[in-house]
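Spelled out, the chains give:
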Amino acid sequence: MIELKAHNLSKNFNERIVFKNINFELSRGTSLAITGHNGSGKTTLVKIISGLISPSSGSVEFTADLVKKAYNEIYKYIGLVGPYIQLYNSLSAWENLIFFSRMRGITPDKEKIRTFMDKLGLRGRELDDVRSYSSGMMQRLKYVTALLHEPEVFIVDEPTSNLDAAGSQIVYDILEKQKKDKILIVATNEAEESRFGEQIINLTSE
Amino acid sequence: MASKLLTLLQNSVFIFIKDVRLEFRTRYAVNAMILFAITTLTAISFSLGPVRLDPNLVSSLLWILLFFSSMSSLSHIFVREEEQQTSDTLRLISGPIPIFLGKWLFNVVLILCLEIIIVPLFFILLNASVQGMSIFIVVLILGSIGLATVSTVIAAIISQASVKGALFAVLAFPISLPILISSINGTRLSIEGNNFSESMDYIQALFSFLVVIFTVSLLVFEFIWKK
């Protein structure tokens, strides 16, 4: 049983209030869309939920099997795709994926990596340095790194950024599947993509 | 508990291996460190000529050389993560302690590798020799680990600042001073050929400071690393 709860989350940078008193509760099979215009604080909220930055006040509570998890141990449960999550350019895609798998405590499964690479349309490019990837391929590879450990909470910031139509469709299929089986959080500018959230937080109106 | 500790150590090793692999591909830190050390060593050697130096001066020059060579490259371990914008990625896949341990191990290995090249060259070019090899090796290893520890934690602090290079040496110098003083004195005794027991004060001081700085670094790193 996985639960993610936010209590009165607020964030301000110096005097500027980005958002205040955000509350939500998510469990397996539920989803949340975070919408709002550029600069409304979507990425800040996503980073707080992922444990990358601290809120000014309020808290995010992550419970797995009724046990509250500290923020320095939730990384195994979270998969995050976002523009600020960069891969190691001097390493190949394969080396990146092996590193990410090991860090998340799973034994690298070559067959599984190949399956994910095929699914994201990256077959045959496993051994290339990530620096040789286009921005769209990079975005696809970020999905592989975020999904490989089958996270309980899948968070995507700007899901189809840099992707072509085919890539966007692959991502939409992934989001549909995650929405059914796991906790899904999508932060987006696109009205069409907010359909992935059963609950919607519109930061513009906060 | 034991399995948590094992996972923590395993993750530290994975981060170390990743950093070694990245360093082999870019050779940024190794090149900076070796070129700085060789250039400085050549300048010292040419300026002093064939004069046989006092042991106090030899040990001081050795540790000044090692300190500034370390300062030229050891900050790279965290600065690289910030410059390539991979620090958030690292925050996402690991707790802070394995990150510190992995990066610390990388810096220890890097500085020890530098010494394998630079220390013999230093003694050849300065026409000096070590009489008490056991004291010298113990002091060199403890001093190097101390410098690597200070460099790692200061690198984590300055990696988020805009003036990284200058700030690194300025912050690292006062914290490294106890290491430098004990190492210089221990090295002097080894050059003079004193007994191991006579240098125990400096070795104990070095070891004690190393334990303190390592423990403090480990405790404060979580606060430095979390945004």
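Residues numbered from 1 in each chain as written. Chains lettered and ligands numbered in written order. Predicted model: local features only at pLDDT ≥ 70, side-chain atom pairs only at ≥ 80, totals over all residues. Heavy atoms only, no water.

Residues and elements named next belong to chain B. Enumeration over the complete set of coordinates arrives at 15 aromatic pairs over all chains. Pairing Phe221 with Trp225 gives two aromatic rings, centres 5.7 Å apart and planes at 15°, and the pair type is stacked. One end of the pair, Phe221, and the other, Trp225, are both in helix H9 (residues 200-225), four residues apart, so they sit about a helical turn from each other. For the residue pair Phe221 and Trp225, the accessibility class agrees, reading buried in each case. Pairwise contacts between aromatic rings join Phe78, Phe100, Trp104, Phe214, Phe221 and Trp225 into one cluster. Above the face of the Trp225 ring, Arg91 is positioned so that its terminal group lies 4.2 Å from the ring centre. The positively charged end of Lys103 is found above the aromatic ring belonging to Phe78, 5.6 Å away from the centroid. (Phe/Tyr/Trp six-rings, centres within 6.5 Å; stacked < 30°, edge-to-face > 60°. Helix = DSSP H or I, 4+ residues; strand = E, 2+ residues; numbered from the N terminus. Buried < 20%, exposed > 50% of the residue type's maximum accessible area, 1.4 Å probe, protein only. Lys NZ or Arg CZ within 6 Å of the ring centre and 35° of its normal.)

Before going further, it helps to spend a moment on the sheet that holds strand E4 (residues 57-64) of chain A. All names here are of chain A. Judged by pairing direction, the sheet is antiparallel, and its four strands sit side by side in the order E2-E1-E4-E5 without closing on themselves. A strand with exactly one partner marks an edge of an open sheet, and here the two such strands are strand E2 (16-27) and strand E5 (67-69). Each strand axis lies, on average, 25° off the axis of its neighbour in the sheet, ignoring direction. (Pairing = 2+ DSSP bridges. Axes fitted to C-alpha atoms, helices over the stretch in contact; angles between N-to-C directions.)

A word on the pattern of salt bridges. This model, assessed by the stated rule, comprises 21 salt bridges over all chains. Asp181(A) is the partner of Lys177(A) in a salt bridge, and the nearest nitrogen-oxygen pair spans 3.1 Å. Within this pair, Lys177(A) and its partner Asp181(A) are both found in helix H5 (residues 165-181), separated by four residues, close to a single helical turn. On the basis of relative accessibility, which here comes to 35%, the residue Asp181(A) falls in the partly exposed class. Its salt-bridge partner being Glu81(B), residue Lys18(B) comes within 2.6 Å of it at the nearest N-O pair. In this pair, Lys18(B) is assigned in helix H1 (residues 2-26) and Glu81(B) in helix H4 (residues 76-83), connecting sequence segments 63 residues apart. (Salt bridge = Lys/Arg side-chain N within 4 Å of Asp/Glu carboxyl O.)

Here we come to the interface of chain B and chain A. A common way to report how large an interface is uses the accessible area buried once the components associate. Each partner contributes residues to the interface: chain B has 26 residues there, and chain A has 27 residues. Interface area, chain B with chain A, both sides summed: about 2500 Å², of which 61% is carbon and sulfur. Taken together, chain B and chain A are joined by three salt bridges. Lys47(A) is paired through a salt bridge with Asp88(B); the nearest N and O atoms lie 3.5 Å apart. Elements that contribute at least two residues to the side of chain B that touches chain A include exactly H1 and helix H5 (87-93) of chain B. The dominant element in the side of chain B that touches chain A, judged by the number of residues it contributes, is H1(B), at ten residues. When grouped by side-chain class, the residues that make up the side of chain B that touches chain A number seven nonpolar, nine polar and ten charged. (Contact = heavy atoms within 4.5 Å. Buried area = accessible area lost by both parts, 1.4 Å probe. Nonpolar A, V, L, I, M, F, W, Y, C, P; charged D, E, K, R; others polar.)

Counted at 1.5 Å a residue, the expected span for H9(B) with its 26 residues is 38 Å, and the 36 Å between its end C-alpha atoms agrees. Of all bends in H9(B), the biggest is about 35°, found at Leu219(B). (Expected span 1.5 Å × (residues − 1). Bend = angle between axes of the 7 residues up to and from the residue.)

Attention now goes to the sheet that holds strand E6 (residues 78-81) of chain A. All names here are of chain A. Pairing is parallel in the open sheet, where five strands are placed in the order E6-E7-E8-E3-E9. With partners counted over all chains shown, the strands left at the sheet margins are E6 and strand E9 (199-202), one partner each. Averaged over all pairs of adjacent strands, the angle between strand axes in this sheet comes to 15°, irrespective of strand direction. With four bridges joining them, strand E3 (residues 31-35) and E9 adopt parallel strand pairing. Paired with Leu32 across the bridge in E9 is Gln199. Along the sheet, H5 makes contact with E3, strand E7 (153-157) and strand E8 (183-188), crossing E8 at roughly 135°.

Below, the discussion takes up the environment of Asp109(A). Residues and elements named next belong to chain A. Tracing the chain through its elements places Asp109 in the loop between helix H2 (93-103) and helix H3 (110-119). The partly exposed category is assigned to Asp109, whose relative accessible area is 39%. Separated by 39 residues in the primary sequence, Asp109 and Leu148 place their C-alpha atoms 9.2 Å from one another. Among the polar contacts made by the side chain of Asp109, one reaches the main-chain amide nitrogen of Glu111 at a distance of 3.1 Å. (Polar contact = N/O pair within 3.5 Å; in protein donor to acceptor, adjacent residues only side chain to side chain.)

So, about empty space enclosed by the protein. One pass over the full model with this rule turns up two cavities of 30 Å³ or more. The wall of the largest cavity is formed by Leu91(A), Glu95(A), Ile98(A), Phe99(A), Arg102(A), Phe14(B), Ile17(B), Lys18(B) and Arg21(B). Among the secondary structure elements, those contributing two or more residues to the lining of the largest cavity are H2 of chain A together with H1 of chain B. Looking at the lining of the largest cavity, its residues break down into five nonpolar, no polar and four charged. In this model, the second largest cavity occupies a volume close to 40 Å³. (1 Å grid on protein atoms, 1.4 Å probe; cavity = no way out; pocket = protein on both sides within 12 Å on 5 of 7 lines; lining within 4 Å. Points joined across faces, edges and corners; volume = space filled by probe spheres on them.)

All right, on to the packing of H1(B) against helix H6 (residues 96-125) of chain B then. Residues and elements named next belong to chain B. Two elements in contact, H1 and H6, have axes separated by 7 Å at closest approach and are oriented at 45°. It follows that H1 is oblique to H6 by the angle criterion. For the pair H1 and H6, the sense of crossing is right-handed. Contacts between H1 and H6 involve Leu8, Asn11, Ser12, Ile15, Phe16, Lys18, Asp19, Val20 and Glu23 from the first element and Ile97, Pro98, Ile99, Leu101, Gly102, Lys103, Leu105, Phe106 and Val109 from the second. The class makeup of the residues in the contact of H1 with H6 is eleven nonpolar, three polar and four charged. (Parallel < 35°, antiparallel > 145°, perpendicular 65-115°, else oblique. Left-handed = near helix turned anticlockwise from the far one by under 90°.)

What follows is about helix H4 (residues 135-147) of chain A. All names here are of chain A. If you check H4, its first and last C-alpha atoms are 19 Å apart, about what 13 residues at 1.5 Å a residue would give, namely 18 Å. With twelve of 13 residues buried, H4 lies mostly within the body of the structure. Within H4 the residues assigned to the buried category are Gly136, Met137, Met138, Gln139, Arg140, Leu141, Lys142, Tyr143, Val144, Thr145, Ala146 and Leu147. Where the residues of H4 are buried, they touch E6, H2, H3, E7 and H5.

In short, shape yes, function no, at least from these values alone.
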